[in-house]
Amino acid sequence: MSDTITTDVLVIGSGVVGALTARKLALAGRQVLMLEAGPRIQRDDIVTNFRHSPRKDDFIAPYPNSKIAPFPDYKPEDNGYLDQAGPNPYKPEYIRVVGGTSWHWAAQAWRLVPNDFRLKSQYGVGRDWPISYADLEPYYYEAELLWGVSGPAEMAKYSPRNEPFPLPPVTKSYLEQRVTERLAPKYELLTNTTGRNSLPYDGRPQCCGNNNCMPICPIDAQYHGGIAADAAEKAGVKLIPQAVVYKLEQDGHGKITAAYYYDWNKVSRRVVAEVYVMAANAIETPKILFLSADAKNPHGLCNNYDQLGRNLMDHPSNSATFYVDEPLWPGRGPMSPSSIQQMRDGDFRSESAAFRIDFSNSSRVAGVTANAIKEGLTGQALEQAIRFRSSHELSIKNVLEQLPDPNNRTMLSSHKKDALGLPTPSFSYSYDEYVEKGMQHSLSIYADIAKMLGATDVRYSAPGVYSNNQHITGTLAMGFDEKTSVTDHVGKAWEYDNLYMVSTGVMPTVATANSTLTACALGLRTADAILGKI
């Protein structure tokens, strides 16, 4: 083992949440070291990889995977990194690189709605947060300024704002314009709030509609964790990539005393800090804490009451796809431009999951062409099918609330290990009646929307088979006491005075909004707590 590295603050993980937290601490004068398990990557290389990839619908394919810091990959076949204990599979997509998973995201930037913070008090289900919407509102805005969030003023009716969006909404695509007009006034289709420049902002260009926001914006009009990591380094953060943290050490008196990592030569190194910030995702952070088990903590750190890794949540989704009675030509502009917000809150949440409905604007050409060829179409019939289907096909999906359930959890695999000999993550996962009722509610609205758009050939996803949305939450939940949560109201571990967690994992409930903006707001608030401002 090499000599010990020392620093004021150690941040483990360089994704967008960790990077913005590290940046804020560095700007306040703290010496900050940030460790990342994966390698550095360059946007130009990923764009080239995407262009050369035969699987344009595989958002993982352009990103370098490794045996030293592996991440899940399911195409063309499952790489087996994750261990599925059932009864339902849970297949998240995340990447371990400098900047993290937001390299290949849609940059959706909704805030939660106020009632999301008091779900138990208001509707008698789920759990309440130990903070309110008002507590987080200024940090939402701080994160929005850093991202360059664009959005419509009408969104404030769902999530109140003290300041306007940093940028106006991205220009509506033709598809969005037509669908908005045809569904109004019954359904209000709003342009999504996104970390996507509608005007030049922070040295980056405005969106020019490339329509491959996922897996990579080729011009950096879309904010991502790579930009956040660069900003952290410019603020003075020292970043060490290819550093796989595998253990925290504690002194038996409520302090973390060291962190250990393997470099990619499999050499173990030790880091000592005053403050430790866990900023890996909601799967990899519990993994490190489980791996840190010792004689006093045989089940891992931060797990005295068996809460670590529990209450795993995501956003289950199903979908409907159909042909609209007019050409909409999806594929021009952002891939996920707009959504219906009206079902995100209401008294029905006492019995049935809330949700929003997203409209896809992704190009349909590759998919409809492959299907037409499978049908045996050739020549003029093939050409006509491609033209009609690619211009008329529309897909919609829900993003559905899932309640915290302690039986849904991430653990360590008992039989799978990576190239470093570290156990890989394992999941126990299922859906309850609350989710199923929300799905049925969604299906009725899908049918109504399809009817209003003159739909033909309506195809629903398979009953009971739901995709997730890579919004991994709950495994490090903040709460009111150590018996029912992992962290307190500022993200500090209950058992350790100098250990904090900034991650989507600290969210006690998942609600109906993509989780990263909320996690960034929470991370910026945690930084203030570390600095003694809360």
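Whatever comes next refers back to the structure up there.
The present account deals with the structure reproduced in this document.

Let us look at the sheet that holds strand S15 (residues 456–460). In any sheet, the strands associate via hydrogen bonds between backbone groups, in a parallel or an antiparallel arrangement. With antiparallel pairing, 6 strands are arranged side by side in an open sheet as S4-S10-S11-S12-S9-S15. The sheet is open, and its two edges are formed by strand S4 (189–191) and S15, each paired on a single side. This sheet shows a mean twist of 25 degrees between the axes of neighbouring strands, independent of strand direction. Here 3 bridges tie strand S9 (residues 319–323) to S15, and the two strands are oriented antiparallel to one another. Within the sheet, the bridge partner assigned to Ala320 lies in S15 and is Tyr460. Its contacts with the sheet put helix H5 (residues 174–183) on S4, strand S10 (338–340), strand S11 (355–359) and strand S12 (393–400), and the angle it makes with S4 is roughly 150 degrees.

Looking only at helix H2 (residues 43–52), the buried set comprises Ile46, Val47 and Phe50. Looking straight down H2, one finds that the buried residues subtend no more than 100 degrees of arc, so they occupy a single side. In H2, the exposed positions angled more than 90 degrees off the buried face are occupied by Asp44, Arg51 and His52.

A word on the packing of aromatic side chains. One pass over the structure, following the stated rule, counts 12 aromatic pairs. Ring geometry for Tyr90 against Tyr429: centres 4.6 Å apart, planes inclined by 45 degrees, an arrangement best described as tilted. Of the two residues, Tyr90 is situated in the loop between strand S3 (83–87) and helix H3 (119–123) and Tyr429 in strand S14 (residues 423–429); the sequence distance between them amounts to 339 residues. Like Tyr90, the residue Tyr429 is buried in the burial classification. Between Tyr431 and Tyr466 the ring centres are 5.3 Å apart and the planes differ by 75 degrees, which places this aromatic pair in the edge-to-face class.

Let's shift gears to the sheet that holds strand S13 (residues 409–417). If you trace the 3 strands from one edge of the open sheet to the other, you get S3-S14-S13, paired in mixed fashion. Only two strands of the sheet have a single neighbouring strand rather than two, namely S3 and S13. The average angle at which neighbouring strand axes cross in this sheet is 30 degrees, direction not considered. Of the pairings in the sheet, the one linking S3 to S14 comprises 3 bridges and is parallel in character. Paired with Asp83 across the bridge in S14 is Ser426. Across the face of the sheet, helix H7 (residues 284–291) comes into contact with S13 and S14 while running at roughly 65 degrees to S13.

Moving on: the pairing of strand S2 (residues 32–35). In S2, alternate side chains face the same way, and those of Val32 and Met34 on one face and Leu33 and Leu35 on the other are all buried. Looking at chain direction, strand S1 (residues 5–12) and S2 are connected through 4 bridges and run parallel. Directly across from Val11, in S2, lies its bridge partner Met34. Taking the sense of rotation as the criterion, the β-α-β connection linking S1, helix H1 (residues 16–27) and S2 turns out right-handed. Where S2 lies against strand S5 (residues 238–240), 3 bridges are found, and the strand directions are parallel. Bridge assignment links Met34 to a residue of S5, and that residue is Leu239.

Relative to the helices and strands, Ser413 resides in strand S13. There is a polar contact of 2.9 Å between the side chain of Ser413 and the backbone nitrogen of Lys416. For Ser413, the contacting residues outside a window of four places in its chain are Asp83, Pro423, Thr424, Pro425 and Ser426.

This part covers the nonpolar core. Counting residues in hydrophobic clusters, the biggest one holds 88 residues, and the most contacted among them are Trp147, Leu248, Leu499 and Met501. The contact partners of Leu248, leaving out residues within four places of it in the chain, are Ile12, Ile256, Ala258, Ala259, Met278, Ile288, Leu289, Ser292, Leu301 and Leu499. Within the second largest apolar cluster, 54 residues are counted, among which are Phe50, Tyr81, Ile283 and Phe427.

Moving on, we get to the environment of Ser503. Structurally, the position occupied by Ser503 is in the loop between strand S16 (499–501) and helix H11 (516–530). For Ser503, a relative accessible area of 3% puts it in the buried group. Residues Ser503 and Ala477, 26 residues apart in the sequence, show an inter-C-alpha distance of 9.6 Å. A polar atom in the side chain of Ser503 sits 2.9 Å from the backbone nitrogen of Gly505.

What counts as what
Residues numbered from 1 in each chain as written. Predicted model: local features only at pLDDT ≥ 70, side-chain atom pairs only at ≥ 80, totals over all residues. Heavy atoms only, no water. Pairing = 2+ DSSP bridges. Helix = DSSP H or I, 4+ residues; strand = E, 2+ residues; numbered from the N terminus. Axes fitted to C-alpha atoms, helices over the stretch in contact; angles between N-to-C directions. Contact = heavy atoms within 4.5 Å. Buried < 20%, exposed > 50% of the residue type's maximum accessible area, 1.4 Å probe, protein only. Arc of directions from axis to C-beta. Phe/Tyr/Trp six-rings, centres within 6.5 Å; stacked < 30°, edge-to-face > 60°. Right-handed = clockwise from strand over helix to strand, strands pointing away. Polar contact = N/O pair within 3.5 Å; in protein donor to acceptor, adjacent residues only side chain to side chain. Core = buried A, V, L, I, M, F, W, Y, C linked by side-chain atoms within 4.5 Å.

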